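Next come the chains, spelled out residue by residue.
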Amino acid sequence: MKKKVIPIEVDLHSHLIPNIDDGSQSMEQSLEMIRALSSHGVKKLITTPHIHPRYPNTPEIIMNGLKKLQGELQKKEIEIELEAAAEYYVDESFSKKVQDGGQILSFGNKYVLVEAPFQNKPIDFESVMFDLKSKGYHPVLAHPERYQFLEGSLDWLQQLRASGVLFQVTLGSISGYYGTIPAKLSSQLLKSGMVDFLGSDLHRLTHIEYFKKGLQSKEVQKVIESGSIKNAELL
Ligand SMILES: [Fe+2]
C-alpha cells in the first residue's frame, strides 16, 4: 500500500493576490492555485506578496487584495483559510521602516518573512535582523537555499541561524525547480535540522508539480513526521 503523504497544513509563502507582484496575474489564476494547494492538504494560506522596489506594495494594497480574494473564495465555496502578510525585501527602506516602528505585516508568533538579494551578499542584513528582533519580531528568511552569493556554502546561513533567524525552505527547491545547487543546499539544510518552515512560494500553477514532488520526497516527509517543522503551529 502506498504510504500516505503528510501535508504541511499551513503554507506561509505564496504570491496569490492578483496583479500586485510577479505572482498571480488574475483572479482566475489565484483560484486555480488555491484549489491546487488545497488538493495537497493545505488548510490555511498565509499569502505573502512582495514588498520590493519593483513591487512597492503597502499593507493597505495587500489587505484590499486579500479582502477581494476572500470574497471570491466565499462565492466559489472554496473552503480554505486565507490570511496575508508580506515577503519583505531587506534594503534601506525596510531597515528604516523597522527602525522607525512602521507597520510591518507579520503572522503567527510575530514572524516576518524576509528575503535577501539573490546575487550579492547584503551588507547590513544581520543588523536589520537584529533591529527586527529588538522590536519583538521573529525574522524568517525565505528560501535560504536559493541565494547565489552563498556559492553552495552554508557558512553564512549557520551564522544567521545562530543569531536567531528562522529558515523557510521552498518545496520546489528540493525537487530541483531552481537547479542543482538549491536542491543540494535544501537537502543539507533538512538533514542538519536547519529548517523551521516549509513553503510553496507559489507564483503560478506550473509550480505546483514541483511543490508536490518536494512534499512527497522522503527527506521532507521525514522532517514533517519528526515534528521539527513549525508550519502546523500556524493553524
Ligand atoms: Fe516569494
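Now for a look at the structure at hand. (Residues numbered from 1 in each chain as written. Predicted model: local features only at pLDDT ≥ 70, side-chain atom pairs only at ≥ 80, totals over all residues. Heavy atoms only, no water.)

### Some words on the sheet that holds strand 1 (residues 10–11)
The condition that has to hold: Here, strands pair whenever DSSP counts at least two bridges between them. A run of DSSP states H or I qualifies as a helix once it reaches four residues; a run of E qualifies as a strand once it reaches two. Both are numbered from the N-terminal end.
Taken in spatial order, the three strands make up an open sheet running 1-2-4, and their pairing is parallel. Edge positions in the open sheet fall to strand 1 and strand 4 (81–84), since each of these has one partner strand only.

### With respect to the packing of aromatic side chains
As a reminder, the rule being used: Think of it this way: a Phe, Tyr or Trp ring, Trp meaning its six-membered ring, pairs with another when their centres are within 6.5 Å, and the plane angle makes it stacked under 30 degrees, edge-to-face over 60, tilted otherwise. Accessible area is worked out with a 1.4 Å probe on protein chains only. A residue is then buried under 20% of its type maximum, exposed over 50%, and partly exposed in between.
Applying the stated criterion to the full structure yields nine aromatic pairs. Consider the rings of Tyr177 and Tyr178, whose centres lie 4.8 Å apart with planes at 90°: the pair is edge-to-face. With a relative accessible area of 33%, Tyr177 lands in the partly exposed category. Taking the relative accessible area as the measure of exposure, Tyr178 reaches 22% and is therefore partly exposed. In this structure an aromatic cluster arises from ring pairing among Phe118, Phe125, Tyr147, Phe149 and Trp156.

### Some points on helix 1 (residues 27–39)
Let me state the cut-off plainly: The span you would expect from a helix comes to 1.5 Å times its residue count less one. What makes two residues a contact is simply this: any of their non-hydrogen atoms within 4.5 Å.
Its 13 residues place the ends of helix 1 18 Å apart at the C-alpha level, agreeing with the 18 Å of an ideal helix rising 1.5 Å per residue. Looking at helix 1, one finds that the buried residues are Ser30, Leu31, Met33, Ile34, Ala36 and Leu37. Along its buried surface, helix 1 packs onto strand 1, strand 2 (44–47), helix 2 (59–75) and helix 8 (208–216). Taken from the residues just after helix 1, Gly41 is the one with a positive phi, measuring 90°.

It is worth stressing that arrangement in space is one thing and function is another; only the former is reported here.
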